[in-house]
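# Coordinates in review
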Amino acid sequence: MKKILVTGGLGFIGSHTVVELQNAGFEVVIIDNLSNSKIEVLNQITSITGIQPDFYQLDLRIKNDVKNFFNNNTVDGIIHFAASKAVGESVEKPLLYYENNITTLVYLLQEMKERKLDNFIFSSSCTVYGQADELPITENAPTKPAESPYGNTKQIGEEIIKDSCNAYELNAIALRYFNPIGAHDSVKIGELPIGVPQNLIPFVTQTAAGIREQLSVFGDDYPTPDGTAVRDYIHVVDLAKAHIAALQRLINKNNKQHFEFFNVGTGKGSSVLEVIKAFETVTGKKLNYKIVDRRAGDITAAYADTTLANKELHWKTEKTLEEALLSAWKWQEKQ
Ligand code: UD1
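Just so you know, these numbers come straight off a predicted model, no measurement behind them. (Residues numbered from 1 in each chain as written. Predicted model: local features only at pLDDT ≥ 70, side-chain atom pairs only at ≥ 80, totals over all residues. Heavy atoms only, no water.)

## Comments concerning the overall build of the protein chain
For the record, the criterion: By definition, any uninterrupted DSSP run of H or I lasting at least four residues is a helix, any uninterrupted run of E lasting at least two residues is a strand, and each is numbered from the N terminus. Summary of the burial criterion: residues with accessible area below 20% of their type's maximum are buried, those above 50% are exposed, and those between are partly exposed, where the area comes from a 1.4 Å probe applied to protein chains only. Contacts were defined at the residue level, with two residues in contact if any of their heavy atoms lie within 4.5 Å. Each accessible area is a Shrake-Rupley result for a 1.4 Å probe, and residues are judged covered by the shown protein chains and nothing else.
Within the protein chain, the secondary structure is distributed over 11 helices and 13 strands. Along the three orthogonal principal directions, the C-alpha set of the protein chain runs to about 55 × 45 × 40 Å. Classification of the 335 residues of the protein chain by burial places 54% in the buried group. Summarising the internal contacts of the protein chain: among those between residues at least 6 apart in sequence, 80% fall at separations of at least 24. Per element, the accessible surface of the protein chain, about 14,900 Å² overall, is 48% carbon and sulfur.

Put into structure tokens, the structure is as follows:
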């Protein structure tokens, strides 16, 4: 049985990926510092799959702890989720973001190189494309200067991995996520935003639940069919499965280059107003919302061309926006 290290494995995307790894027959060891996750998630994962993953509460910024972990664990692959992800916070605390997202990446790669470990999957983001000139966005689209330190950590992260792969003959895949939403069908794991949600879907579900009074729709003067911004919302379980596909590609040595990257989205763009309408339809709840000014740093539209991921990873999305929104709502109701 292959053993996979999942850093940030108790987080939103990490926890769903752990479940899919276990379903696919992998043994999982999780590292998480619980900075943006809860220990209860470990039991929830166990109750879904019937298998308790190994768990280490440690902080990847402490190099010695990372070394100790690898002294005691040999792994066949690493899926690296552990990182900070709030765009606004990254503008206020850039050094925290560079430490959390870059230093930890370097430490992991150093251990891989020294111990001859291989097969690394990196959480990247469609943010590397900025406002792309053409839609849907293919992997050939140029990266644009990052709008935030968070976005910069994803770009720099990819470059660090690419250079390391070339120099040390490591094999890695970066997955450029579009907008992950939703929750597991079991309603045992989902997104757990701390404080006021910055992302659209948790704000929508909290508004529907009465926790927030009103949803602000950031701008209706974008050059899109209804004036609101367009994104590619992907069900987190579909996204989790893309990690298994990418990992299998590396383990089976089907990769064509040491470092590869793929878009992971649905290929379909939805505007904020379309999301609101779809949410109201599937849940039967009316959303209290108002149009306000644009949010600084937001782009007009982004959705993926998924041809490359479909072909090379033998992966495609299975769930609809409606299913994703309904699962997000069920998860909210359970909180
Ligand atoms: C942002 C980041 C992305 C990051 C992701 C996860 C950018 C450009 N993108 O995605 O890199 O990976 O968060 O944290 O920084 N909206 C509202 N009202 C709200 C919240 C959002 O109208 O209360 C709108 C936004 O203007 C946007 C859409 O909903 O058009 C999606 O927003 P959000 O969920 O925050 O994701 P992104 O900004 O696309």
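Back to the write-up after that little detour.
## Describing the packing of helix α7 (residues 200-208) against helix α11 (residues 321-334)
The packing of two helices is summarised by the inter-axis angle and the distance between the axes. Just so we agree on the cut-off: A fitted line through C-alpha atoms serves as each axis, taken over the contacting stretch for helices, and the angle formed by two N-to-C directions is quoted from 0 to 180°. Oblique is the label for any angle not covered by the other classes, which are roughly parallel (under 35 degrees), roughly antiparallel (over 145) and roughly perpendicular (65 to 115). Handedness of each helix crossing follows the sense of rotation of the near helix against the far helix: counterclockwise by less than a right angle gives left-handed, clockwise gives right-handed.
In the contact formed by α7 and α11, the axes pass within 10 Å of each other and the chain directions differ by 55°. In terms of orientation, α7 lies oblique with respect to α11. α7 and α11 meet at a crossing whose hand is right-handed. On α11, the residues touching Ile 201, Thr 205, Gln 206 and Ala 208 of α7 are Leu 325, Ala 328, Trp 329 and Gln 332.

## Notes on α7
When you tally the buried positions in α7, you get nine out of nine residues, the bulk of the element. For α7, the full list of buried residues reads Leu 200, Ile 201, Pro 202, Phe 203, Val 204, Thr 205, Gln 206, Thr 207 and Ala 208. Elements that come into contact with the buried residues of α7 comprise β7 (179-181), β8 (215-218), β10 (233-235), α9 (272-283) and α11.

## Considering the pairing of strand β2 (residues 27-32)
The test is simple: The crossover handedness rule: strands pointing away from the viewer, path from first strand over the helix to second strand clockwise, crossover right-handed.
Taken across its six residues, β2 has five buried, putting it largely inside the fold. Handedness of the β-α-β unit built from strand β1 (residues 3-7), helix α1 (residues 12-23) and β2 comes out right-handed. Following the chain from β2 across helix α2 (residues 40-49) to the adjacent parallel strand β3 (residues 54-57), one finds a crossover that is right-handed.

## Some thoughts on the layout of surface pockets
Put simply, the rule reads: The way it works is a 1 Å grid over only the protein atoms, where trapped points that fit a 1.4 Å probe form a cavity and open points with protein on both sides within 12 Å along at least five of seven lines form a pocket, and then any residue with an atom within 4 Å of a point lines it. Grid points are joined across faces, edges and corners, and a volume is the space filled by probe spheres set on the points. Residue classes follow a fixed rule: Ala, Val, Leu, Ile, Met, Phe, Trp, Tyr, Cys and Pro count as nonpolar, while Asp, Glu, Lys and Arg count as charged, and any other residue, Gly among them, counts as polar.
Within this model, the second largest pocket holds a volume of roughly 280 Å³. Around the second largest pocket, the lining comprises 20 residues; the ones closest to its centre are Glu 191, Leu 192, Pro 193, Trp 331 and Gln 332. Only α7 and α11 provide two or more residues apiece to the lining of the second largest pocket. Of the residues forming the lining of the second largest pocket, the biggest block, four residues, is contributed by α7. Taken together, the residues of the lining of the second largest pocket break down into 10 nonpolar, seven polar and three charged.

## Here's the deal with the nonpolar core
Under the convention used in this document: The set of buried Ala, Val, Leu, Ile, Met, Phe, Trp, Tyr and Cys residues whose side-chain atoms join them within 4.5 Å is what this entry labels a nonpolar core.
Counting residues in hydrophobic clusters, the biggest one holds 36 residues, and the most contacted among them are Leu 21, Ile 45, Ile 121, Leu 175, Leu 313 and Trp 315. Looking at this core, the elements that each hand over two or more residues are β1, α1, β2, α2, β6 (172-177), α8 (236-251) and β11 (259-264). Leu 313 has contacts with Leu 175, Ala 242, Ala 245, Ala 246, Arg 249, Phe 262 and Leu 308, leaving out every residue within four places of it along the chain. One finds Phe 69, Leu 117, Ala 172 and Ala 174 within the second-largest nonpolar core, a separate group that totals 23 residues.

## Focus on the site of the ligand
Quick note on the threshold: By convention in these notes, a residue is near a molecule or strand provided one of its non-hydrogen atoms lies within 4 Å of it. Whenever a nitrogen or oxygen atom comes within 3.5 Å of another N or O atom, the pair is scored as a polar contact, on the condition that within protein one atom can donate a hydrogen and the other can accept it, and that pairs from neighbouring residues in sequence are kept only if both atoms are in side chains.
Taken together, 20 residues sit near the ligand, with Leu 200, Ser 216, Arg 231, Arg 295 and Asp 298 positioned nearest. One nitrogen or oxygen atom from the side chain of Asp 298 is found 2.5 Å from an oxygen atom belonging to the ligand. When the free accessible area of the ligand is taken as 750 Å², the share hidden by the protein chains comes to 88%. Per-element tally for the shell around the ligand: the top contributor is β8, with four residues. Taken together, the residues that form the shell around the ligand break down as 10 nonpolar, six polar and four charged.

## Points about the pattern of salt bridges
Two side chains bearing opposite charge may form a pair once their charged atoms approach each other closely. The line we're drawing: Salt bridge, as used here: a side-chain nitrogen of Lys or Arg that lies within 4 Å of a carboxyl oxygen of Asp or Glu.
For the structure on display, the rule yields 17 salt bridges. Close ionic contact of Lys 67 with Glu 111 constitutes a salt bridge, the shortest N to O distance being 2.8 Å. Linking Lys 67 in helix α3 (residues 63-72) with Glu 111 in helix α5 (residues 94-115), this pair joins segments that are 44 residues apart in sequence. Exposure remark for Lys 67: the relative accessible area of 26% places this residue in the partly exposed category. Through salt bridges with shared partners, one network takes in Arg 249, Lys 256, Glu 260, Lys 311 and Glu 312.

## Overview of the side chain of Glu 139
Where we set the bar: Positive charges are assigned to Lys and Arg, negative charges to Asp and Glu, while His and the chain termini are left out of the count.
Take Glu 139: it is sitting in the loop between β5 (120-125) and α6 (149-168). No salt bridge is formed by the buried Glu 139, whose closest oppositely charged neighbour, Arg 176, lies at an N-O distance of 7.1 Å. Reaching out from Glu 139, the side chain makes a polar contact with the backbone nitrogen of Asn 263 at a distance of 2.7 Å. Not counting residues up to four positions away in its chain, the partners in contact with Glu 139 are Tyr 129, Arg 176, Phe 261, Phe 262, Asn 263, Asp 305 and Leu 308.

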